[in-house]
Amino acid sequence: MDDVRAGFCAIVGLPNVGKSTLLNRVLGRKLVAVSAKPQTTRDRILGVHTIELPGETPSHAQIAYVDTPGVQDGRGPLRRYMRDAAIAAATDADVVLLIVDATDRKGRMPQRMSEADVEALGVLARPEGASKAHPLIVALNKVDRVGKPELLPVIEAWTLAQPGIDVVPISAATGDNLDALERVIAQRLPAGPPLFPADMVTDRSPQFIAQEIIREQLYHQLGKELPYACAVQVETWTERKGEIVVGAVIVVERESQKPIVVGRAGSRIKELGIAARTALAEALGKPVHLSLFVKVLEEWSREERELQKLGYKPQ
Ligand SMILES: Nc1nc2c(ncn2[C@@H]2O[C@H](COP(=O)(O)OP(=O)(O)OP(=O)(O)O)[C@@H](O)[C@H]2O)c(=O)[nH]1
Ligand SMILES: [Mg+2]
């Protein structure tokens, strides 16, 4: 097979800046959960995108994106797991893509970020053990909501933050300027044989993606705190006459949380099921029959062993 530009691009940044929205958008499908609440992503997730590079040799690039949990201080095994996942992805990357929320007045300026955030992001740009820092690309996201005059000083501040840095304004939501961003990423990748088969999009199973899609609904439909106490596990998965039949459990931490997820006379879980089934059918391209249950696993997010049972295993 001909050489391509191929390598790993870790998508990193603070929570809620649009990392997962970007991955779904470039792949043109829903692979990972997106929500308006911070710390939606818990795992590192691979999404492979092949693009054309007109007039260049090699003429194609295979960008292996790795979406990561937003970095932020936090205690407990689940937070630690999330932080480690982000660091591991950045360590293994050829390029680090730092997403910055251009609508966030504080977080969008390198010199105004909090010290803890700067430190966390610094670890990702230059992981421990790496001989030198990875090439860093900064994508200023959500420019659909920022006027040009407001944006220009932000672009300038990031351009001056590090010599040779690429700064690309984008909108992951509308798709604006994503072609340009992908070309900039591709230029930083080494030429060589492709890393993945041409038709491969992710290393995650359809079951994992289903869990993400169901979990996303919890973030959309449950209150402010409850989604963080939930995990989703697909327990059964069969195909019957062209329909995928899925049985999944929503795992909560406490007995008192169960009735909230179920809702009055089962109304909440019914709504969750309807929305998740629609999204699942769209993602899988097939009709889906979904049964949802709620189960209590006391304090699962505080116990290393329970975390592993729910699939949060160190990779
Ligand atoms: N207006 C606008 N909103 C966006 C854009 N990109 C993402 N968002 C919104 O920002 C919120 C967070 O998006 P996510 O993709 O979940 O952010 P994330 O960085 O993956 O967040 P974590 O996984 O929690 O770290 C969602 O409400 C998105 O719809 C954009 O380009 N423009
Ligand atoms: Mg995310």
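Right above here is the structure, for reference.
Described below are features of the structure shown in this document. (Residues numbered from 1 in each chain as written. Chains lettered and ligands numbered in written order. Predicted model: local features only at pLDDT ≥ 70, side-chain atom pairs only at ≥ 80, totals over all residues. Heavy atoms only, no water.)

**What to know about empty space enclosed by the protein**
Then comes step 1: Under the defined criterion, the tally for this structure stands at one cavity of 30 Å³ or more.
Then comes step 2: Empty space within the largest cavity amounts to approximately 40 Å³.
Then comes step 3: What lines the largest cavity is Gln39, Pro69, Gly70, Val71, Gln72, Arg79, Met82 and Arg83. (1 Å grid on protein atoms, 1.4 Å probe; cavity = no way out; pocket = protein on both sides within 12 Å on 5 of 7 lines; lining within 4 Å. Points joined across faces, edges and corners; volume = space filled by probe spheres on them.)

**As for the coordination of the magnesium ion (ligand 2)**
Then comes step 1: With distances of 1.9 to 2.1 Å, the protein atoms coordinating the magnesium ion (ligand 2) are Ser20 (OG) and Thr41 (OG1). Taken together, the positions of Ser20 in helix H1 (residues 19-27) and Thr41 in the loop between H1 and strand S2 (45-52) put the pair 21 residues apart, joining distant regions of the chain.
Then comes step 2: Judged by relative accessible area, Ser20 falls into the buried class, the value being 7%.
Then comes step 3: Note on Thr41: relative accessible area 6%, which makes it buried. (Donors = N, O, S within 2.8 Å, 3.2 Å for Na, K, Ca; no water. Helix = DSSP H or I, 4+ residues; strand = E, 2+ residues; numbered from the N terminus. Buried < 20%, exposed > 50% of the residue type's maximum accessible area, 1.4 Å probe, protein only.)

**Digging into the site of ligand 1**
Then comes step 1: Taken together, 23 residues lie around ligand 1, and Lys19, Thr21, Gln39, Thr40 and Thr41 are the ones closest in.
Then comes step 2: Contact distances for ligand 1 include 3.0 Å between an oxygen atom and a backbone N or O atom of Asn16.
Then comes step 3: Within the backbone of Ser20, a nitrogen or oxygen atom sits 2.9 Å from an oxygen atom of ligand 1.
Then comes step 4: When residues in the shell around ligand 1 are grouped by element, the largest group, three residues, is from H1.
Then comes step 5: Its residues placed into classes, the shell around ligand 1 shows seven nonpolar, eleven polar and five charged. (Near = heavy atom within 4 Å. Polar contact = N/O pair within 3.5 Å; in protein donor to acceptor, adjacent residues only side chain to side chain. Nonpolar A, V, L, I, M, F, W, Y, C, P; charged D, E, K, R; others polar.)

**Observations concerning the packing of helix H6 (residues 206-221) against helix H8 (residues 267-284)**
Then comes step 1: Here H6 crosses H8 at 135°, and the two axes come no closer than 9 Å. Between H6 and H8, the angle falls in the class oblique. The interaxial crossing formed by H6 with H8 has right-handed handedness. Seen from H6, the contacting residues are Pro206, Ala210, Ile213, Ile214, Gln217, Leu218 and Gln221; seen from H8, they are Arg268, Glu271, Leu272, Ala275, Ala276, Ala279, Leu280, Ala283 and Leu284.
Then comes step 2: In the contact of H6 with H8, the residues fall into twelve nonpolar, two polar and two charged. (Axes fitted to C-alpha atoms, helices over the stretch in contact; angles between N-to-C directions. Parallel < 35°, antiparallel > 145°, perpendicular 65-115°, else oblique. Left-handed = near helix turned anticlockwise from the far one by under 90°. Contact = heavy atoms within 4.5 Å.)

**Looking at the packing of aromatic side chains**
Then comes step 1: One pass over the structure, following the stated rule, counts four aromatic pairs.
Then comes step 2: Summarising the aromatic geometry, the rings of Tyr81 and Tyr312 are spaced 5.5 Å apart at their centres and angled 75° between planes, so their arrangement reads as edge-to-face. Of this pair, Tyr81 sits in helix H2 (residues 77-91) while Tyr312 sits in the segment after helix H9 (304-309), and the two are 231 residues apart along the sequence.
Then comes step 3: On the numbers, 5.6 Å between centres and 85° between planes, the contact of Tyr219 with Tyr228 is edge-to-face.
Then comes step 4: Overall, Tyr219 belongs to the buried group, its relative accessible area being 2%.
Then comes step 5: Here Tyr228 falls in the partly exposed class, since its relative accessible area comes to 27%.
Then comes step 6: Joined through ring pairs, the aromatic side chains of Tyr81, Trp300 and Tyr312 make up one cluster.
Then comes step 7: When the ring centre of Phe208 is taken as reference, the NZ or CZ atom of Arg204 above it lies at 4.1 Å. (Phe/Tyr/Trp six-rings, centres within 6.5 Å; stacked < 30°, edge-to-face > 60°. Lys NZ or Arg CZ within 6 Å of the ring centre and 35° of its normal.)

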